[in-house]
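# Inside the fold
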Amino acid sequence: MHGFMIAADRSGAGKTTVTRALMLALKERGFSVCPFKCGPDYIDPMYHSAITGVPGHNLDTFFTDEDTTRKIFARDLEDAPETNRIAVAEGVMGLFDGVTGFLPEGSSYDMARVLHMPVILCINARGAAQTLLAVISGILNNDIQKLIKGIFLNQVSDGFAPVLSQKIEEAFAIPVVGHFPVTDEIKVGSRHLGLLKPDDFDEKKQDEALLRLVDKRINIDMIYKISEMPDADFMGSEAPSHKLKLASANDEAFDFFYRENEIMLQDLGADIVHFSLIHDSALPDDIDGLILPGGYPELYADELADNRSMTESVRDAYTNALPMLAECGGFMYLYRSIGGRGPLVNLFGEDCHNTGRNVRFGYLSCYDKAHYFVKEGHRIKGHEFHYYDMDHVGHDAIAEKPYSDRRRELGYVDIWSFLSFAHFYYPSCPEFARHFMEGVREHARRRSLQK
C-alpha cells in the first residue's frame, strides 16, 4: 500500500497548508486519499474531510499502544475506496515533539515509526540558505528509523527553490518533492481554539488557489514512489445485527467528535443519528442514548437559548435517565447560560464564563470514582482545551496529567452518563464505550417493556 506523513521541524512551518495542497493534487490525479491527523486536533481533520470526501481520522500513540494504533489505522482505511488508495497523514508540532514536549509518545515520529510510514519533511525556507542545511542535517541525524524520504520547501521563491533543492539533494541524497512560494493568498485565520473551520470562509476559493500554487511545483510521481509502506492488517469487524438508535449532536456549534469514537460505537451496535441542537425542535424520536460533543457553543449561545423546545427536550431526557455523554462544549450546554446568555438546559444552575485565558490544556488520563465507566486500575485518555469555566465542574471523576503527580476532580457521573470538559478517545479504553452501550441497551429494553 501507499501512504506518507507531512511533518515539520516545528509548529507554524506550514504543515496544514502543504497537507491540504498534496491531498488536493492527489485527488485531482485520481487517487483515493484517506486522511489522518497525528494528535487530538479536531479542526485539521475537517479540512482533510472537505478535500477528500472521506471522514478525517485521528491517531495518537499517547492514546493507544502500538498494536491498537496499527489496528485503528487499518480499520480507518476502510472509509476510503480501495482503488488507488493512499493514506496521507498530517503531523503535529515538531517531528519529535511528544507528550511534555520531550517524550516520544504522541509525536509525529512515533506514529510514523509504529505504522512504518514514510515522512516528507516540511521546512520553512524563508530567509535561510546554508543554515537550512544544518537544520535538516540535525533532524536527519535523529531519524534513527530512516523514515524521512522527502523534503518539501515552504515559503521559498520560484527562482531560489531549484538552487536550494540541488544543494539539499547533493548533501543528503533525499529528493525535494516540491515547494511553495511566499504568499498570503492561502492564509487561514484563527480564533481562540485554533484555526477557523472550513465553513467559516470561502474554502473552495482557497482550494483553487492551492491547486494553482501547487501546479508544476510538486513532483507527484516522486511522492508516490517514496510513499510505499507495508500493507495494513485489516481487522474488519461485524457489528451486531440489532441496532440501537443513538443520537449525536452535529451542527455548526457542536462537531468535535472523533471518527474513531463513532466507529467503536457502531461496532458495538450503535445506529448513530445526527441532529442539530440549533435547528431541530426536539431530540430524534425513539433514541436510547445521547452524545453532546464539543464545539463552539459560545459562538451560538443566543440561537441555542432561543430553541427552548430543544433545551427542554434535553433536560427531560436526562431527568428520565437517558444514557448521556457530554464533552466540553456539550457539557457547557447543560449549564444555565454561557457568558450570561441563556437560559440553556440548566441542569447545573451556573453561568459558563470566559476567563480570557486557556483554563485547561493538554493530555489527561481519567477514571470515574465509582468505576462505572472505567474499571479500577484502568484509565481512559483524552485532552482538554477550553477558555470557559464555572465555579463547579463536578467531582465524580479524577483527571491525571501524564508523567506528573497532578490530579484533580472533574465531571458529573452516574451509572450510565458521563458529563465533563474532557474530550475522550474511546479506543484508549474500550470498556468506556462498552459500558455506555450497555446503558443504551438497557434503556432500549426498558422502553420496549413500556410499550
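Presented here is an overview of the structure given in this document. None of these values were measured; they are calculated from a predicted model.

Definitions and limits used
- Residues numbered from 1 in each chain as written.
- Predicted model: local features only at pLDDT ≥ 70, side-chain atom pairs only at ≥ 80, totals over all residues.
- Heavy atoms only, no water.
- Helix = DSSP H or I, 4+ residues; strand = E, 2+ residues; numbered from the N terminus.
- Rg over C-alpha atoms; globule rule 2.2 N^0.38 Å.
- Buried < 20%, exposed > 50% of the residue type's maximum accessible area, 1.4 Å probe, protein only.
- Contact = heavy atoms within 4.5 Å.
- Lys, Arg positive; Asp, Glu negative; His and termini not counted.
- Charge placed at Lys NZ, Arg CZ, Asp CG, Glu CD.
- Core = buried A, V, L, I, M, F, W, Y, C linked by side-chain atoms within 4.5 Å.
- Polar contact = N/O pair within 3.5 Å; in protein donor to acceptor, adjacent residues only side chain to side chain.
- Expected span 1.5 Å × (residues − 1).
- Pairing = 2+ DSSP bridges.
- Right-handed = clockwise from strand over helix to strand, strands pointing away.
- Salt bridge = Lys/Arg side-chain N within 4 Å of Asp/Glu carboxyl O.
- Phe/Tyr/Trp six-rings, centres within 6.5 Å; stacked < 30°, edge-to-face > 60°.
- Lys NZ or Arg CZ within 6 Å of the ring centre and 35° of its normal.

## Here we look at the overall build of the chain
Across its full length, the chain carries 13 helices and 25 strands. Rg of the C-alpha trace for the chain: 23 Å, near the compact-globule value of 22 Å for 451 residues, within the 12% margin. Buried residues in the chain amount to 57% of all 451 residues. Of the contacts formed within the chain by residues at least 6 apart in sequence, a portion of 75% connects residues at least 24 apart. Of the charged side chains in the chain, 47 are positive and 67 negative, and the gap between their average positions amounts to 2 Å.

## As for the nonpolar core
Counting 55 residues, the largest nonpolar core has Phe73 and Leu153 as its most contacted members. The contact partners of Phe73, leaving out residues within four places of it in the chain, are Met1, Phe36, Leu59, Ala87, Leu115, Met117, Met229 and Ala232. In this structure, Leu292, Met310, Ala317 and Ala326 belong to the second largest nonpolar core, which totals 36 residues.

## Comments concerning the environment of Arg113
One can find Arg113 in helix H4 (residues 108-115). According to the relative accessible area criterion, Arg113 is partly exposed, its value standing at 26%. C-alpha of Arg113 to C-alpha of Lys146: the two residues are 33 residues apart in sequence and 9.4 Å apart in space. Leave out the neighbours within four places in its chain, and Arg113 touches Glu66, Gln145 and Leu147. For Arg113, the side chain forms a polar contact with the side chain of Asp110, separated by 2.9 Å.

## Quick word on helix H1 (residues 15-28)
Between the first and last C-alpha of H1 there are 20 Å, a value that for 14 residues agrees with the 20 Å anticipated at 1.5 Å per step. Most of H1 sits inside the fold, with 12 of its 14 residues counted as buried. When we look at burial in H1, the residues that qualify are Lys15, Thr16, Thr17, Val18, Thr19, Arg20, Ala21, Leu22, Met23, Leu24, Ala25 and Leu26. Just past H1, the residue Gly30 takes up positive phi, approximately 95°.

## Quick look at the pairing of strand E7 (residues 176-179)
Two elements, strand E6 (residues 148-154) and E7, share 3 bridges in a ladder whose sense is parallel. Residue pairing for E7: Ile151 is matched across the bridge by Val176. A crossover links E6 with its parallel partner E7, the connecting element being helix H6 (residues 161-172), and its sense is right-handed.

## Some words on unusual backbone geometry
Trans peptide bonds make up the majority, and among non-glycine residues the majority have a negative phi. Of note, the amide linkage connecting Gly342 to Pro343 takes the cis form, showing an omega dihedral of 5°. Relative to the assigned elements, Pro343 resides in the loop between strand E16 (335-338) and strand E17 (348-354). Look at Cys328: it is not a glycine, yet its phi comes out positive at around 50°. Take Cys328: it is sitting in the loop between strand E15 (324-327) and helix H12 (329-333). The class for Cys328 is buried, based on a relative accessible area of 6%.

## Quick notes on the environment of Asp79
Examined against the element boundaries, Asp79 turns out to sit in the loop between helix H3 (66-77) and strand E4 (85-90). Considered as a pair, Asp79 and Leu299 are 220 residues apart in the sequence and their alpha carbons are 31 Å apart. Leaving out residues up to four positions away in the same chain, Asp79 has contacts with Val54, Pro55, His57, Arg259 and Ile263.

## A word on the side chain of Asp143
Among the secondary structure elements, Asp143 is positioned in the loop between helix H5 (130-141) and E6. No salt bridge forms around the buried Asp143; measuring N to O, its nearest opposite-charge neighbour Lys146 is 6.0 Å away. In terms of polar contacts, Asp143 uses its side chain to reach the backbone amide nitrogen of Lys146, at 3.0 Å. The residues touching Asp143, leaving out its near neighbours within four places in the chain, are Phe96, Tyr109 and Ile148.

## Section: helix H9 (residues 259-267)
Extensive coverage of H9 is indicated by the burial of 7 of its 9 residues. Just beyond H9, the residue with positive phi is Gly269, at close to 110°.

## A word on the packing of aromatic side chains
All chains considered together, the criterion is met by 28 aromatic pairs. Each ring, one from Tyr42 and one from Phe256, has its centre 5.0 Å from the other, and the planes form 5°; the classification is stacked. Placement of Tyr42 in the loop between strand E2 (32-38) and helix H2 (43-52) and of Phe256 in strand E11 (residues 254-256) is noted, with a sequence separation of 214 residues between them. Assigned by exposure class, Tyr42 and Phe256 land together as buried. Clustering of aromatic rings is evident, with ring pairs tying together Tyr42, Phe62, Phe63, Phe256, Tyr258, Tyr296, Tyr363 and Tyr425. Between Lys381 and the ring centre of Phe62, over which it is positioned, the NZ or CZ distance is 4.5 Å.

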